[in-house]
Amino acid sequence: MTDTEVPGGAGFVTERGSFRAAHVADQNIDRQAFILDQMAARPAVRTLKSWALDQLAPTAGETAVDIGSGTGEDVVALHELGARAIGVEPSPGLRAEAVRRAAGADVEYVEGHAEALPFEDQSIDALRSERVLQHVDDPAAVVKEMARVLRPGGRIVLIDTDWGTAIIHPADPDVLQRMVGYFLRESANPYSGRQLRGLLADAGLEITGETAATWLEPQEGARQGFVGMMHLTSLQAGVITPEEAEAFAQTLGEAADRGAFHMSLTMYAVSAIKPRAG
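Residues numbered from 1 in each chain as written. Predicted model: local features only at pLDDT ≥ 70, side-chain atom pairs only at ≥ 80, totals over all residues. Heavy atoms only, no water.

### Here's the deal with the pairing of strand β7 (residues 262–273)
Part 1: Counting buried residues in β7 gives nine out of 12 residues, a clear majority hidden from the surface.
Part 2: Pairing between strand β5 (residues 150–169) and β7: 11 bridges, direction antiparallel. Within β7, the residue paired with isoleucine 159 across the bridge is alanine 269.
Part 3: Strand direction decides the pairing type here: strand β6 (residues 206–216) and β7, joined by 10 bridges, are antiparallel. Across the sheet, alanine 213 pairs through a bridge with methionine 267, a residue of β7. (Buried < 20%, exposed > 50% of the residue type's maximum accessible area, 1.4 Å probe, protein only. Helix = DSSP H or I, 4+ residues; strand = E, 2+ residues; numbered from the N terminus. Pairing = 2+ DSSP bridges.)

Set out below in structure tokens:
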């Protein structure tokens with residue numbers, strides 16, 4: 001499969017068309033940061049980020065952690081509420097970018113993976129993780145690891161996309177079904193959004209809130225980002241024919257020219273607390 005440059009999208013999209021964490025880690029850092037910046041600016045994402053901060057409400061003297069902290073803006077937001085704020089990020093390039101953007105703020109960025117967090121048992125007061133679980137093969141183990149490091153009474157918020165809710169219009173239904181099916185199969189955990197509540201409950205945590213927001217792609221998204229690369233990667237994978245790929249791109253492009261393109265998907269957020277003993 002040849003590389004296909006992708007300048008944006010509603011989730012981590014790699015040059016290889018993969019949605020797995022191992023492939024995401026290999027991306028060009030500048031491109032990763034660009035994609036993360038695009039996503040962070042979208043209304044649905046901003047709505048859920050704000051909700052997460054309200055649910056966590058860290059205070060002075062508490063330790064708050066962002067798992068999969070990327071370029072670090074959410075770590076800075078936790079710090080601004082008074083907490084000792086730590087970002088956990090496996091990519092050294094993104095950690096360096098986060099430090100640069102923090103501009104001397106008293107925050108920490110450490111190497112680590114969601115499957116094995118670099119913290120002692122019951123040592124964290126507030127924990128958030130956004131759009132990470134969709135990229136891991138064993139989300140239940142990851143959430144149990146998050147529960148391990150939470151103090152009794154500690155709060156957690158998970159935010160993730162459910163790719164099974166994606167709607168793209170207009171497109172040939174058969175062609176679209178084959179393309180979407182391919183991407184769902186290639187994704188590590190494409191239905192992550194709908195699983196959040198169950199994952200938290202199964203980890204022994206008490207649900208305290210849940211919400212959702214709809215991602216609406218702008219008209220230019222017909223030619224770029226996730227939608228703009230679908231036909232190319234699907235063609236490379238042999239899922240559709242060259243003629244079908246060309247027709248897909250042309251149909252969406254023409255729809256966007258007259259303001260009739262639609263792409264949406266649902267993102268979910270769930271908050272929970274670790275019960276106190278007794």
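That shown, we press on.
### Here's the deal with the environment of phenylalanine 226
Part 1: With respect to the secondary-structure elements, phenylalanine 226 resides in helix α9 (residues 225–236).
Part 2: Judged by relative accessible area, phenylalanine 226 falls into the buried class, the value being 6%.
Part 3: Taking C-alpha positions, phenylalanine 226 is 9.9 Å from methionine 263, a pair spaced 37 residues apart along the chain.

### Quick look at the sheet that holds β5
Sheet strands pair via backbone hydrogen bonds, and the direction of the pair is either parallel or antiparallel.
Part 1: Spatially, seven strands are ordered β3-β2-β1-β4-β5-β7-β6 in an open sheet, and the strand pairing comes out mixed. Either end of the sheet is taken by a strand with one partner, and the two such strands are β3 (108–110) and β6. The sheet shows a mean angle of 15° between the axes of neighbouring strands, taken without regard to direction. (Axes fitted to C-alpha atoms, helices over the stretch in contact; angles between N-to-C directions.)

### Focus on the packing of α9 against helix α10 (residues 242–257)
Part 1: Following both chains from N to C, one finds α9 and α10 inclined at 175°, their axes separated by 9 Å at the closest point. In terms of orientation, α9 lies roughly antiparallel with respect to α10. Residues Val227, Met230, His231 and Leu235 of α9 form the contact with α10, whose own contacting residues are Pro242, Ala245, Phe248, Ala249 and Leu252.
Part 2: Looking at side-chain class alone, the contact of α9 with α10 contains eight nonpolar, one polar and no charged residues. (Parallel < 35°, antiparallel > 145°, perpendicular 65-115°, else oblique. Contact = heavy atoms within 4.5 Å. Nonpolar A, V, L, I, M, F, W, Y, C, P; charged D, E, K, R; others polar.)

### Describing empty space enclosed by the protein
To find leftover empty space, one rolls a probe the size of a water molecule over the atoms.
Part 1: Evaluated as defined, the whole model comprises one cavity of 30 Å³ or more.
Part 2: Along the walls of the largest cavity sit 10 residues, with Trp163, Val180, Phe183, Leu184 and Phe226 positioned nearest its centre.
Part 3: If you list the elements that add at least two residues to the lining of the largest cavity, you get β5, α7 (173–186) and α9.
Part 4: Classifying every residue of the lining of the largest cavity gives nine nonpolar, one polar and no charged. (1 Å grid on protein atoms, 1.4 Å probe; cavity = no way out; pocket = protein on both sides within 12 Å on 5 of 7 lines; lining within 4 Å. Points joined across faces, edges and corners; volume = space filled by probe spheres on them.)

### With respect to the nonpolar core
Part 1: Counting 50 residues, the largest nonpolar core has Ile168, Trp215, Phe226, Val227, Met230, Phe261 and Met263 as the members making the most contacts within it.
Part 2: If you look at the next biggest cluster of nonpolar residues, it comprises 27 residues, including Val88, Phe119, Val149 and Leu196. (Core = buried A, V, L, I, M, F, W, Y, C linked by side-chain atoms within 4.5 Å.)

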